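Residue strings, one per chain:
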Amino acid sequence: MEYYLKDSTLIIKGDFEAVNTGLNGGRARVKYLFNKQVPRTFNPPDPREFVKEEALKLSFEEAYFGLLTAVKMEYLQVIENDYLTAFITAGVSNGSEFRAKVGTINIILISKVRLSETALLGAIITATEAKGLALLEKGYTFLGTNTDAVIVAYEIASKPGLENEERQEIPYAGSSTDFGKKITEAVIKGVKVGLELRGE
């Protein structure tokens, strides 16, 4: 896996099995994941088509998953913990109890270890619970915004000698598991720091 910023976009390149709750989401084997910064006034007629157009601009000829955020990439939080890397952009911009007027919390989780079907999907729940807990601990009275999204992915080993790593598998992602604890710790830290840097 490698990641970098280009034109206010976080780009993560590799070979992943991934699930995505965002625009054009679902489950797929993808080569790219991205989180694109858009203006706070962003309101295209078709956000899903916009994601496709951005992927074309980035010359992504292979499969991808993309997210959109109004949070500037200077506030991006990258948290590495053993075999887990979390990429978090957090903004709430004066949300109310049941909705945030403007803001998005995007969470991308990448595991170096293969995830079972249960762990791949369960990680979405654990990340969402951690996000809500972070907001409550910061004094907010809501658990997220209208446009929050989560991507969970694991790297598919393709180098010689990594066959044993491919056979290793994390079975579960609940908050009491080692993987779940790593997710919870990373998301809480990333959301809190990201909001604090933005003065939220």
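As a starting point, this report considers the structure included with it. Note that the structure is a prediction, hence the values are computed from the model and not measured.

Looking now at the pattern of salt bridges. When their charged atoms lie close together, side chains carrying opposite charge are able to pair. Under the definition given, this model contains 12 salt bridges. Residue D15 is joined to R29 by a salt bridge in which the shortest nitrogen-to-oxygen separation is 2.6 Å. In this pair, D15 sits in strand β2 (residues 9–20) while R29 sits in strand β3 (residues 26–37), placing the two residues 14 residues apart along the sequence. A salt bridge links R114 to E169, with the nearest nitrogen and oxygen atoms 3.5 Å apart.

As a rule of thumb, soluble globular proteins bury nonpolar side chains together. L109, V152, F179, V187 and V191 are the most contacted members of the largest nonpolar core, which has 36 residues in total. If you list the elements that add at least two residues to this core, you get β6 (84–90), β7 (105–111), α2 (117–137), β8 (149–155) and α4 (178–197). For this core, the element with the highest residue contribution is α2, accounting for 8 residues. The contact partners of L109, leaving out residues within four places of it in the chain, are L84, T85, A86, A123, A127, I151, V152, A153, I183 and V187.

Burial analysis of strand β4 (residues 64–69) places 5 of its 6 residues in the buried class, the great majority of the element. Across 6 bridges, β3 lies against β4 in parallel orientation. Bridge pairing in β4 links L33 to F65.

Definitions and limits used
Residues numbered from 1 in each chain as written. Predicted model: local features only at pLDDT ≥ 70, side-chain atom pairs only at ≥ 80, totals over all residues. Heavy atoms only, no water. Salt bridge = Lys/Arg side-chain N within 4 Å of Asp/Glu carboxyl O. Helix = DSSP H or I, 4+ residues; strand = E, 2+ residues; numbered from the N terminus. Core = buried A, V, L, I, M, F, W, Y, C linked by side-chain atoms within 4.5 Å. Buried < 20%, exposed > 50% of the residue type's maximum accessible area, 1.4 Å probe, protein only. Contact = heavy atoms within 4.5 Å. Pairing = 2+ DSSP bridges.

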